[in-house]
Amino acid sequence: MNLSHWLARNAERNPNFDALFLGEKRIFSYGELWAAVKGAASWLCDMGIRPGDRVGIFMKNTPEYLVVFYAIWAAGGVVVPINGKLHPKEADWILQNADCDHVLCCNSLGPALCEVSDVRVQIPKLADFLSECSFDIKHRRSDDLAWLFYTSGTTGRPKGVMITHGMIQTMALGYFADVDEVRSTDATLYAAPMSHGAGLYSIQHVLAGARHVIPESGGFDEAEIFALAKHFGAVHMFAAPTMVKRMTQYAKEHGETGKGLRTIVYAGGPMYMADIIEAVDHFGPRFVQIYGQGECPMGITVLPRSDVTDRTHPRWRERLKSVGYAQSAVEVRITGSNGETLPLGAVGEIMVRGDLVMPGYWQNPSASAETLVQGWLKTGDMGALDADGYLTLHDRSKDMIISGGTNIYPREVEEVLLEHPAVREASVVGRPHPEWGEDVVAFVVATGIDATDLDRFCLEHMARFKRPKSYVFVDELPKNNYGKILKTELRQRL
């Protein structure tokens with residue numbers, strides 16, 4: 001079933017329910033939102049979009065984002081959401097790999113993308129879709145692609161995770177079963193990028209007929225979040241642990257109580273126990289943790305509100321350090337180096353199986369075969385299960401850096417550094433950071449350049465948030481007998 005049916009049905013049953021807001025300003029009811037989606041879907045079809053075609057979205061959080069999201073699905077297309085913080089060259093690589101003929105952009109990103117890409121750039125405006133029109137939703141099966149999510153690994157280039165209509169439906173229904181209730185009187189606040197988890201989480205709020213609030217800032221601003229929460233009440237939001245920490249600090253400094261915030265689902269990076277204890281002490285029982293990956297979106301484990309809040313269980317601290325227990329739609333196990341299931345308490349690779357696991361990577365059979373083994377997803381994360389089924393993460397088997405809840409892959413940064421003619425070798429590692437979790441440090445073997453030169457070069461070729469925050473110039477990089485760079489030793493130097 002096509003995901004856009006959920007929006008169409010709510011518009012039929014509850015056309016006057018409030019649907020979409022920009023700040024406190026009401027933009028659409030559900031009836032008006034569906035009318036705009038139909039207009040946008042018809043526009044896409046007139047441009048030649050057919051079922052199965054990939055359509056890029058390279059936008060900041062705007063009201064148009066939600067409209068084109070569902071319009072692409074209604075037209076039978078596959079959404080390819082691209083983080084608005086990426087460099088235009090990085091966005092273009094994704095568009096080319098996904099075979100996108102069209103990309104939908106906002107005014108702030110479209111012109112720069114046009115300079116580097118030959119993909120047809122469109123800048124949709126709500127006013128273009130307000131005329132009444134009829135539109136028949138294109139049929140989609142559960143195993144048809146709905147979303148192509150570009151993630152990456154230590155191999156450098158991003159990989160397109162294939163996410164189907166059925167996977168997203170399973171994720172949304174699992175949210176109701178495991179994570180939280182959603183009512184039509186609730187509101188979801190898009191303070192995190194809609195190209196990632198916040199956008200995925202729109203679907204269950206559409207199903208429930210809840211309100212969708214786009215901050216006027218288009219992103220994360222503590223004062224704006226607290227003001228909107230008080231205005232709308234019963235607000236849900238998805239947040240990285242860094243965002244939770246910043247909200248707690250701001251609230252304590254400015255006397256905010258979190259009034260109007262009902263649920264904050266946090267994920268996307270390590271949440272330090274002291275930070276979540278402080279947040280719960282200040283805001284009360286508003287927090288739920290989930291653990292997932294693009295390859296199993298938002299749906300591996302859950303630490304429910306009751307466990308995040310509980311201080312009476314004899315092992316409450318151990319549970320608070322965990323990422324919870326398996327969500328309803330998946331199985332989780334821990335394996336050793338030979339694929340054997342390890343006993344409780346032993347640390348090994350986290351494996352996941354279920355209807356929420358991806359069918360594979362887009363046009364990348366070798367990576368798919370390496371990651372999907374006998375029906376199980378190899379997450380690349382290390383962890384251990386206790387006797388009650390709670391999963392604790394211990395390390396990442398990959399060298400991924402998580403800064404502010406955003407994944408940064410060292411190989412991508414290293415490849416850019418090595419394009420500079422004066423750089424002979426480069427190795428990138430994460431350094432603990434009190435606010436962002438980690439930041440990026442580059443060890444560089446080079447001659448005739450300094451950190452300012454390298455920083456300027458990086459900004460020309462990659463997103464600002466990926467660039468190293470520090471450059472350490474060395475005569476040589478530590479290596480083992482096989483010539484492999486010893487990143488563990490570099491981390492120890494830091």
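Each remark here, short or long, concerns the structure printed above.
These figures come from a predicted structure and were not determined experimentally.

Remarks on the overall build of the chain
Part 1 of the argument: When helices and strands are counted, the chain shows 17 helices and 25 strands.
Part 2 of the argument: Taken over C-alpha atoms, the radius of gyration comes to 22 Å for the chain, in line with the 23 Å a tight globule of 494 residues would show.
Part 3 of the argument: Along the three orthogonal principal directions, the C-alpha set of the chain runs to about 70 × 60 × 50 Å.
Part 4 of the argument: Here the chain holds 494 residues, and 60% of them are scored as buried.
Part 5 of the argument: For the chain, restricting intrachain contacts to residue pairs at least 6 apart in sequence, the fraction spanning at least 24 positions comes to 67%.
Part 6 of the argument: Total accessible area on the chain stands at roughly 20,200 Å², and carbon and sulfur atoms take up 48% of it.
Part 7 of the argument: In the chain, 50 positive and 60 negative side-chain charges are present, and the distance between their average locations comes to 1 Å.

As for the nonpolar core
Part 1 of the argument: Counting residues in hydrophobic clusters, the biggest one holds 163 residues, and the most contacted among them are Trp73, Ile168, Met237 and Phe287.
Part 2 of the argument: Broken down by element, the residue count for this core peaks at 10 residues, all from helix H3 (residues 63-74).
Part 3 of the argument: Other than its neighbours up to four places away in sequence, Phe287 contacts Val244, Ile264, Tyr266, Ile276, Ala279, Val280, Pro304, Arg305 and Val308.
Part 4 of the argument: Listed in part, the 7 residues of the second largest apolar core include Val429, Phe443, Val445 and Val474.

Some words on the packing of helix H1 (residues 4-13) against helix H2 (residues 30-46)
Part 1 of the argument: Packing of H1 against H2 brings their axes to within 8 Å, and their N-to-C directions diverge by 135 degrees. Taken as axis vectors, H1 and H2 run oblique relative to one another. Once H1 is placed against H2, the crossing between them reads as left-handed. Of H2, the residues touching H1 (which contributes Ser4, Leu7, Ala8, Asn10 and Ala11) are Tyr30, Gly31, Leu33, Trp34 and Val37.
Part 2 of the argument: A breakdown of the residues in the contact of H1 with H2 according to their chemical character gives 7 nonpolar, 3 polar and no charged.

So, the side chain of Asp307
Part 1 of the argument: Here Asp307 shows up in helix H12 (residues 305-309).
Part 2 of the argument: Salt bridges are absent for the buried Asp307, whose nearest opposite-charge side chain, Arg319, sits at 4.1 Å.
Part 3 of the argument: At a separation of 2.6 Å, a polar atom in the side chain of Asp307 contacts the side chain of Tyr390.
Part 4 of the argument: Apart from the residues lying within four places of it in its own chain, the contact partners of Asp307 are Arg319, Leu320, Tyr325 and Tyr390.

Regarding helix H4 (residues 88-97)
Part 1 of the argument: Within the sequence span of H4, burial applies to Pro88, Glu90, Ala91, Asp92, Ile94 and Leu95.
Part 2 of the argument: Just downstream of H4 lies Asp99, where phi reads positive at about 60 degrees.

Some thoughts on the sheet that holds strand E25 (residues 470-473)
Part 1 of the argument: In space, the 3 strands of this open sheet follow the order E23-E24-E25, with mixed pairing throughout. The open sheet terminates on both sides in strands that have one partner only, identified here as strand E23 (423-433) and E25. Strand-to-strand, the axes of this sheet are offset by a mean angle of 25 degrees, without reference to chain direction.
Part 2 of the argument: Relative to strand E24 (residues 437-446), E23 runs antiparallel, the two sharing 10 bridges. Across the sheet, residue Ala426 finds its bridge partner in E24, namely Val444.

Quick look at the packing of helix H10 (residues 241-254) against helix H11 (residues 273-283)
Part 1 of the argument: Close contact between H10 and H11 brings their axes to 10 Å; oriented N to C, the two are set at 45 degrees. Taken together, the axes of H10 and H11 are oblique relative to one another. In this structure, H10 meets H11 at a crossing whose hand is left-handed. Contacts between H10 and H11 involve Val244, Lys245, Met247, Thr248, Ala251 and Lys252 on the former and, on the latter, Asp275, Glu278, Ala279, His282 and Phe283.

A word on the pattern of salt bridges
Part 1 of the argument: According to the stated counting rule, one finds 25 salt bridges in the structure shown.
Part 2 of the argument: The closest approach of N and O atoms between Glu331 and Arg353, which form a salt bridge, is 3.0 Å. Here Arg353 lies in strand E17 (residues 348-354) and Glu331 lies in strand E16 (residues 330-335), a separation of 22 residues in the sequence.
Part 3 of the argument: Between Asp453 and Arg456 there is a salt bridge, with the nearest N and O atoms lying 3.5 Å from each other. Of this pair, Asp453 and Arg456 both sit in helix H16 (residues 451-461), separated by 3 residues, roughly a single helical turn.
Part 4 of the argument: Owing to a relative accessible area of 26%, Asp453 belongs among the partly exposed residues under this scheme.
Part 5 of the argument: With a relative accessible area of 46%, Arg456 lands in the partly exposed category.
Part 6 of the argument: Each of Asp180, Glu181, Arg183, Asp186, Arg262 and Arg305 takes part in salt bridges that share partners, so that together they form one network.

Overview of the packing of aromatic side chains
Part 1 of the argument: Under the defined criterion, the tally for this structure stands at 15 aromatic pairs.
Part 2 of the argument: Consider the rings of Phe69 and Trp73, whose centres lie 5.0 Å apart with planes at 75 degrees: the pair is edge-to-face. With Phe69 and Trp73 both in helix H3 and 4 residues apart, this pair spans about one turn of that helix.
Part 3 of the argument: Ring geometry for Tyr175 versus Phe176: centroids 6.3 Å apart, planes at 85 degrees, classification edge-to-face.
Part 4 of the argument: A relative accessible area of 2% places Tyr175 in the buried class.
Part 5 of the argument: In this structure, Lys159 is placed above the aromatic ring of Tyr361, and the distance from its NZ or CZ to the ring centre is 5.2 Å.
Part 6 of the argument: Positioned over the ring face of Trp376 is Arg333, at 4.5 Å from the centre of the ring.

Considerations on helix H6 (residues 165-179)
Part 1 of the argument: Compared with the 21 Å implied by 1.5 Å per residue over 15 residues, the 20 Å span of H6 between its first and last C-alpha is a close match.
Part 2 of the argument: For H6, a buried count of 11 out of 15 residues is recorded, marking the element as mostly surrounded by other parts of the structure.
Part 3 of the argument: Regarding H6, the residues found buried are His165, Gly166, Met167, Ile168, Gln169, Met171, Ala172, Gly174, Tyr175, Asp178 and Val179.

As for unusual backbone geometry
Part 1 of the argument: Not every positive phi belongs to a glycine, and Ala234 is a case in point at roughly 50 degrees.
Part 2 of the argument: Mapped onto the elements, Ala234 comes out in the loop between helix H9 (222-232) and strand E11 (235-239).
Part 3 of the argument: Exposure remark for Ala234: the relative accessible area of 22% places this residue in the partly exposed category.
Part 4 of the argument: Not every positive phi belongs to a glycine, and Gln363 is a case in point at roughly 50 degrees.

Rules of the game
Residues numbered from 1 in each chain as written. Predicted model: local features only at pLDDT ≥ 70, side-chain atom pairs only at ≥ 80, totals over all residues. Heavy atoms only, no water. Helix = DSSP H or I, 4+ residues; strand = E, 2+ residues; numbered from the N terminus. Rg over C-alpha atoms; globule rule 2.2 N^0.38 Å. Buried < 20%, exposed > 50% of the residue type's maximum accessible area, 1.4 Å probe, protein only. Contact = heavy atoms within 4.5 Å. Areas by Shrake-Rupley, 256 points an atom, 1.4 Å probe, with all protein chains shown as cover. Lys, Arg positive; Asp, Glu negative; His and termini not counted. Charge placed at Lys NZ, Arg CZ, Asp CG, Glu CD. Core = buried A, V, L, I, M, F, W, Y, C linked by side-chain atoms within 4.5 Å. Axes fitted to C-alpha atoms, helices over the stretch in contact; angles between N-to-C directions. Parallel < 35°, antiparallel > 145°, perpendicular 65-115°, else oblique. Left-handed = near helix turned anticlockwise from the far one by under 90°. Nonpolar A, V, L, I, M, F, W, Y, C, P; charged D, E, K, R; others polar. Salt bridge = Lys/Arg side-chain N within 4 Å of Asp/Glu carboxyl O. Polar contact = N/O pair within 3.5 Å; in protein donor to acceptor, adjacent residues only side chain to side chain. Pairing = 2+ DSSP bridges. Phe/Tyr/Trp six-rings, centres within 6.5 Å; stacked < 30°, edge-to-face > 60°. Lys NZ or Arg CZ within 6 Å of the ring centre and 35° of its normal. Expected span 1.5 Å × (residues − 1).

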